[in-house]
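# Descriptive structure summary
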Amino acid sequence: MSEMSAQSLAGFRNLATKIVCVGRNYKDHALELGNAIPKKPMLFVKTVNSFIVEGEPIVAPPGCQNLHQEVELGVVIGKKASKITKSSAMDYVGGYTVALDMTARDFQDEAKKAGAPWFMAKSFDGSCPVGGFLPVSAIPDPHNVELYCKINGKDQQRCRTNVMIFDIPTLLEYATQYFTLEVGDVVLTGTPAGVTKINPGDVIEFGLTGLAESKFLVQ
């Protein structure tokens, strides 16, 4: 597909073929989970069944006893990207969104101990609550915005994106050496510290300060 207009990309959820996630891209989050700081981007994928929008509830997968929220700036791909360079990477950005990478942490911990994939922990139905589309013009510098997540009205995560370990051009160059990013695909750029256990009845509000906010109920 060729480059798409911002109006068309507003429906990115229906265009996306995958949600590419970046693990441990904020130092404080890596440390809070006792993980090493990565020397190169650590990528994994959420499948598109993960998407839900406001009005749809967040539901833990069967058997999950430790559901965590991870707020992330999402990059929406605006034109097909394969083996691109850092210097041209931002030309492939069609816009932005903010999402939660909901994680069944007990599933993930079990998988990590066994050396097994994280798929069940990351790609259960509804594991990517997502906000609306923000055109590039709304965020002139995506490395200088403030992510936040509030649970029941209380700040749980709040951090500026300038402390990412790997910036967006670096992530896009690295990823596209290995796989093609299609129009509408979303790259979630990592979460800052502050992840915590989520419980039924919780209200999660998240977004970018002064730019976007979404609200979801945990069922």
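One can find the structure itself at the top, above this paragraph.
Keep in mind that this is a model prediction, so the values were computed, not measured. (Residues numbered from 1 in each chain as written. Predicted model: local features only at pLDDT ≥ 70, side-chain atom pairs only at ≥ 80, totals over all residues. Heavy atoms only, no water.)

## Brief notes about the nonpolar core
Generally speaking, soluble globular proteins have nonpolar side chains that are buried together. The cut-off we apply is this: Definition of nonpolar core: a set of buried residues of the types Ala, Val, Leu, Ile, Met, Phe, Trp, Tyr and Cys, connected through side-chain atoms within 4.5 Å. Only protein chains enter the area calculation, which uses a 1.4 Å probe; residues under 20% of their type maximum are buried, those over 50% are exposed, and those in between are partly exposed. Starting at the N terminus, helices and strands are each numbered in turn, a helix being any DSSP run of H or I of at least four residues and a strand any DSSP run of E of at least two.
By size, the foremost hydrophobic cluster in this structure holds 43 residues, and its most contacted members are Ile58, Leu172 and Ile204. Secondary-structure elements contributing two or more residues to this core are strand E1 (19-23), strand E5 (71-77), strand E6 (93-100), strand E10 (146-151), helix H6 (168-176) and strand E14 (203-208). Core analysis: the second largest hydrophobic core is formed by 15 residues, Leu9, Phe12, Ile19 and Cys21 among them.

## A short note on the side chain of Ser123
Counted only if it meets this: Side-chain atoms alone can form a polar contact between residues adjacent in sequence; in general such a contact is a pair of N or O atoms within 3.5 Å, and within protein one must be able to donate a hydrogen while the other accepts it.
As for its position among the elements, Ser123 is in the loop between helix H5 (119-122) and strand E8 (128-129). Since its relative accessible area comes to 5%, Ser123 is described here as buried. At 3.2 Å, the side chain of Ser123 and the backbone nitrogen of Thr47 are in polar contact.

## Details of helix H4 (residues 105-114)
Selection rule: Regarding the arc, it is the one traced by the directions from the helix axis to the C-beta atoms. Any two residues whose heavy atoms approach within 4.5 Å at even a single point are treated as in contact.
Arg105, Gln108 and Ala111 are the residues of H4 that are buried. The arc enclosing the buried residues of H4, seen along the axis, measures out at 125 degrees, which places them on a common side. In H4, those exposed residues whose orientation departs by more than 90 degrees from the buried face are Glu110, Lys113 and Ala114. Looking at the packing, one finds that the buried side of H4 touches helix H3 (27-32), strand E4 (67-68), strand E7 (103-104) and H5. Within two residues after H4, Gly115 carries a phi angle of roughly 65 degrees, on the positive side.

## Considering the environment of Lys150
With respect to the secondary-structure elements, Lys150 resides in strand E10. Along the backbone, Lys150 and Phe166 are 16 residues apart, and their C-alpha atoms lie at a distance of 25 Å. If near-sequence neighbours (up to four positions away) are discounted, Lys150 is found in contact with Asp155, Gln156, Arg158, Val203, Ile204, Glu205 and Glu213.

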